[in-house]
Amino acid sequence: MSEGRKSAPVAYLLALLTGLVGGHNFYLGRYVAGVGQFALTLIGLKFAPWLLLVELLWVLGDVVFMKKFLHHANELDADGAEATEAGGGETTDDPAAVATYHKHQASYKGAYDMGDMNGAARHGTLALAALRVAVKGGPNDLLAGNLNNMGAVCRLLGDNTRARAYLDESVRMFRQLGLKPGAEDMASSVNNLALTCADMGDHAAAERLYKQLQAALPAGQATNQSVRLLNNLANLYGKTGKPMESELALERALVMAAKVPDMDVTLHTDLLNNCASTLMDRQAWDRSRTLYQQALALQERACKGISRAAATSHNDLGVMAEKLGDWATAQQHHERALHLKQICVPDELLVIAKSEHSLGGVYFARGNFAQAAKMATKLVATYTQALGSTHPETIQARTNLAAIPHEYLPQ
Amino acid sequence: MSAGGCFVSVGGYRLRKIVIDPTGLYEYFDTPADSGGPTGRQTVEQAWDVVQALLPETVNGATLEGADLGETCLYLTPSRVVEAHAQLLKRDVSALVKHFVDEQERYKDLYWANVWQEDTEWLEQVIRELMQFFAAAAARGDAVIFYVG
């Protein structure tokens, strides 16, 4: 059974009053450290009083790192025990459901961390079903969080109907639990729901949700949440034919992002890519290119540039080069984008197809018909696998292939 | 001790992690498949140079920068694995090996070429096993890492 979340004031108070005997460490579940401090104090008192000074430094060190210890203790608590708690602290009497939840949740996390959204959806569905049993349907904050995660995964997979159902339930449950839209967990749900609504064309609902979020966030404070909100609002404005508002929101988000001390790298990259794309639309090539390059530099530092976001930057830089007639640069960027997609989203065939299509076009434009034919053949295979042989995209890809001089077609 | 070549298949989504940080791959290769380790493995032992020459599609990948597995280490994305498998299906193994034996002069500089030109049965078996390995990897949507170490 869970012991509940560890409280920061209690931990600090214990460090102050019982730090020399490790009281705060016992409270945080850091038993080895607690026993060590207790033993050191005993030895110090009996044999070597100078050890008490060492002990004091140790406790001071603990105080400095207390936030980290608290986070770790609460994280472990969440992973290891929260599933046994229903809303209002009621406990489940179904340990089998809890065990099933943990098993699938671990697989979900593994798949999600690797970017395998299909795997995440598969395991997440099973984890969610077990969690519903474990917490007797809720309302429960862990269940609401899992519903949010599943909603986000479904949205990334393009299953917006399912995503919206999960996210509606998540937001409703957080409300039942008394959370406000600005609370971190709920903000994430509201944000994902708004994104899904926007994807589904329900722009009014999306705007309403963003406004709720905006009202709930502390005004003028630069945080990841406020940057994300502006970035998403900008996308919504872009979709609803308000380019000026969109660009303004993006510029504000960029200024704000520079002030956030622990800026989320993925969010920052997305923001830079979005800004760059907007600038590219109005042919501000130099500034657009600079922002794409900043996005790539961020990704290079974070993950050697092996990411879907980096693929987006390369793709757009390729498109820009095409528009400027610089085919050699366009080829470089499209080749890199395709390679990154093949690594980062190997089973998202339609995403890969987009790069195959662009690259085939560039090869063709450069008169490299052999490579163009190879790429066009691959594109036909990709569309056939993803959409079937009679889909209009597949038929169009076959038509494009047929336009390549016969002698270049692969045997 | 002479160098040996090995192909290892890993889950398609695992590849990204490996490309970002390829250190500690030997340890990772010992991880059981059900704990997230490699899904398959196929050694080509000292025939690695011959395999590369005869079946270039199996090594048509990118260099795995920073890997501590030996001098040669490269990876094929799941798309490349599917392509390699499609090309391997068109191969006639017996004809390929016969060509290798008949063209002694052409292949004489390959590592241990003369040994495999005498033991064609073993070489044929290695190639057939490698084809099965690629078929299985392609069916699972896996990536493949090749190294000589």
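Quick caveat, the model's predicted, so the values are computed rather than measured.

Enquirer: What is the right way to look at the overall build of chain B in this model?
Expert: Across its full length, chain B carries 8 helices and 5 strands. Walking chain B from its N terminus toward its C terminus, one meets helices and strands in the order β-α-α-β-α-β-β-α-α-α-α-α-β. Scaling as 2.2 N^0.38, a compact globule of 149 residues should have a C-alpha radius of gyration of about 15 Å, and chain B matches this with 15 Å. Seen through its C-alpha atoms, chain B measures out along the principal axes to roughly 45 × 35 × 25 Å. When the 149 residues of chain B are sorted by exposure, 48% land in the buried category. Across chain B, every contact between residues at least 6 apart in sequence was considered, and the portion connecting residues at least 24 apart equals 78%. Roughly 7100 Å² of accessible area belongs to chain B as shown, and the carbon and sulfur atoms make up 48% of that amount. Separation of charge centres in chain B, based on 12 positive and 22 negative side chains, amounts to 8 Å.

Enquirer: What should I look at first to understand the overall build of chain A in this one?
Expert: When its secondary structure is counted, chain A shows 20 helices and 0 strands. In terms of overall dimensions, chain A has C-alpha extents of about 90 × 50 × 45 Å along its principal axes. Sorting the 411 residues of chain A into buried and exposed places 46% on the buried side. Within chain A, contacts between residues separated by at least 24 positions form 55% of all contacts whose residues are at least 6 apart in sequence. With the model as given, the accessible surface of chain A reaches about 20300 Å², and the carbon-plus-sulfur share is 59%.

Enquirer: Is there a simple way to think about the packing of aromatic side chains in this case?
Expert: Remark: the centre distance and the inter-plane angle together describe each pair of aromatic rings, the angle taken between the planes. Evaluated as defined, the whole model comprises 16 aromatic pairs over all chains. Relative to A:Tyr31, the ring of A:Phe26 has its centre 6.4 Å away and its plane inclined at 45°; by these criteria the two rings are tilted. Residue classification places A:Phe26 among the partly exposed positions, given a relative accessible area of 33%. Seen in terms of ring centroids, B:Phe133 and B:Phe134 are 5.6 Å apart; in terms of plane orientation they differ by 85°. Their pairing is edge-to-face. The exposure class assigned to B:Phe134 is buried, which follows from its relative accessible area of 0%. One residue, A:Arg30, lies across the ring of A:Phe69, its end atom 3.7 Å from the ring centre.

Enquirer: Would you explain the sheet that holds strand β1 (residues 5-10) of chain B in this entry?
Expert: Strand pairing in a sheet relies on backbone hydrogen bonds. The paired strands run either parallel or antiparallel. All names here are of chain B. Pairing in this open sheet of 5 strands is antiparallel, and the strands run β2-β1-β5-β4-β3 from one edge to the other. Each end of this open sheet is capped by a strand with a single partner; those strands are β2 (40-45) and β3 (62-63). Here β1 runs beside β2; their pairing, made up of 5 bridges, is antiparallel. Its bridge partner being in β2, Val8 is matched across the sheet by Arg41.

Enquirer: What's the story with unusual backbone geometry in this structure? I'm lost.
Expert: Where the residue is not glycine, phi is negative for most of them; where a peptide bond is considered, it is trans in most cases. All names here are of chain A. Of the consecutive residues Gly138 and Pro139, the connecting peptide bond is found in the cis state with omega at 5°. Within the fold, Pro139 resides in the loop between α7 (117-134) and α8 (141-156). The backbone phi angle of Lys136 is positive, close to 55°, even though this residue is not glycine. Positionally, Lys136 belongs in the loop between α7 and α8. Of the residues examined, Lys136 reaches a relative accessible area of 44% and is grouped as partly exposed.

Enquirer: Got a minute to help me understand the nonpolar core in this structure?
Expert: Soluble globular proteins tend to pack their nonpolar side chains together in the buried interior. With 50 residues, the main nonpolar core has A:Val227, A:Leu271, B:Leu25, B:Phe29, B:Leu64 and B:Ile145 as its most contacted residues. At 7 residues, the largest contribution of residues to this core is made by helix α14 (residues 265-281) of chain A. Look past the residues within four positions of B:Leu25 in its chain and what remains in contact with it is B:Ile18, B:Leu64, B:Ala67, B:Asp68 and B:Leu69. Membership of the second largest hydrophobic core comes to 36 residues, among which are A:Cys154, A:Leu193, A:Leu217 and A:Tyr237.

Enquirer: Just checking my understanding: could you explain the interface of chain B and chain A for this structure?
Expert: A common way to express how large an interface is: the accessible area buried when the components associate. At the junction of the two partners, chain B supplies 16 residues and chain A supplies 18 residues. For the pairing of chain B and chain A, the buried interface totals around 1500 Å² over both sides, and the portion due to carbon and sulfur atoms is 60%. Sorting the residues of chain B by area buried against chain A places B:Tyr13, B:Arg16 and B:Ile20 first, and these three jointly supply 51% of that buried surface. The interface formed by chain B and chain A contains 1 salt bridge. Two residues, B:Glu83 and A:Lys378, come together in a salt bridge whose shortest N-O distance is 2.9 Å. Residues belonging to the side of chain B that touches chain A are distributed by class as follows: 8 nonpolar, 3 polar and 5 charged.

Enquirer: Looking at this model, I keep getting lost on the confidence of the model for chain B. Mind explaining?
Expert: Low-pLDDT stretches of the model should not have their predicted coordinates read in fine detail. Averaged over every residue, the pLDDT of chain B is 93; the share at 70 or more is 99%. As scored by the predictor, the complex reaches a pTM of 0.78 and an ipTM of 0.90.

Enquirer: How should the side chain of A:Lys378 be read in this particular structure?
Expert: With respect to the helices and strands, the residue A:Lys378 is situated in helix α19 (residues 369-387). At 2.9 Å, the side chain of A:Lys378 forms a polar contact with the side chain of B:Glu83. Setting aside its immediate chain neighbours within four residues, A:Lys378 contacts A:Gln342, A:Glu356 and B:Glu83.

Enquirer: Please explain the pairing of β1(B) as it appears in this structure.
Expert: Remark: a regular strand shows side chains that alternate across the two faces of the sheet. Residues and elements named next belong to chain B. In terms of burial, β1 is largely enclosed, as 6 of its 6 residues are buried. Because side chains alternate across β1, one face comprises the buried residues Gly5, Phe7 and Ser9, and the other comprises Cys6, Val8 and Val10, equally buried. When β1 meets strand β5 (residues 143-148), the two strands line up antiparallel, connected through 6 bridges. Counted as the bridge partner of Ser9 is Val144 from β5.

Enquirer: What is the right way to read the environment of B:Lys98 from this model?
Expert: Turning to its location among the elements, B:Lys98 is positioned in helix α5 (residues 93-102). Once the C-alpha coordinates of B:Lys98 and B:Ala143 are considered, the two residues, 45 residues apart in sequence, prove to be 30 Å apart.

Enquirer: What is the right way to look at a nonpolar patch on the surface in this model?
Expert: A cluster of nonpolar side chains, namely A:Val21, A:Phe26, A:Tyr31, A:Val35, A:Phe38 and A:Leu42, defines an oily patch on the protein surface of about 550 Å² accessible area. Broken down by element, the residue count for the nonpolar patch peaks at 4 residues, all from helix α3 (residues 31-46) of chain A.

Enquirer: It is not clear to me how the pairing of β5(B) should be interpreted in this structure. Could you clarify?
Expert: All names here are of chain B. Extensive coverage of β5 is indicated by the burial of 6 of its 6 residues. Residue alternation in β5 divides its side chains into two sets, Ala143, Ile145 and Tyr147 and Val144, Phe146 and Val148, and both sets are buried. When strand β4 (residues 72-76) meets β5, the two strands line up antiparallel, connected through 5 bridges. Across the sheet, Cys73 pairs through a bridge with Tyr147, a residue of β5.

The rules behind these values
Residues numbered from 1 in each chain as written. Chains lettered and ligands numbered in written order. Predicted model: local features only at pLDDT ≥ 70, side-chain atom pairs only at ≥ 80, totals over all residues. Heavy atoms only, no water. Helix = DSSP H or I, 4+ residues; strand = E, 2+ residues; numbered from the N terminus. Rg over C-alpha atoms; globule rule 2.2 N^0.38 Å. Buried < 20%, exposed > 50% of the residue type's maximum accessible area, 1.4 Å probe, protein only. Contact = heavy atoms within 4.5 Å. Areas by Shrake-Rupley, 256 points an atom, 1.4 Å probe, with all protein chains shown as cover. Lys, Arg positive; Asp, Glu negative; His and termini not counted. Charge placed at Lys NZ, Arg CZ, Asp CG, Glu CD. Phe/Tyr/Trp six-rings, centres within 6.5 Å; stacked < 30°, edge-to-face > 60°. Lys NZ or Arg CZ within 6 Å of the ring centre and 35° of its normal. Pairing = 2+ DSSP bridges. Core = buried A, V, L, I, M, F, W, Y, C linked by side-chain atoms within 4.5 Å. Buried area = accessible area lost by both parts, 1.4 Å probe. Salt bridge = Lys/Arg side-chain N within 4 Å of Asp/Glu carboxyl O. Nonpolar A, V, L, I, M, F, W, Y, C, P; charged D, E, K, R; others polar. pLDDT = per-residue confidence, 0-100. Polar contact = N/O pair within 3.5 Å; in protein donor to acceptor, adjacent residues only side chain to side chain. Patch = residues over 30% accessible without salt bridge, like charges linked within 9 Å, V, L, I, M, F, W, Y side chains within 5 Å.

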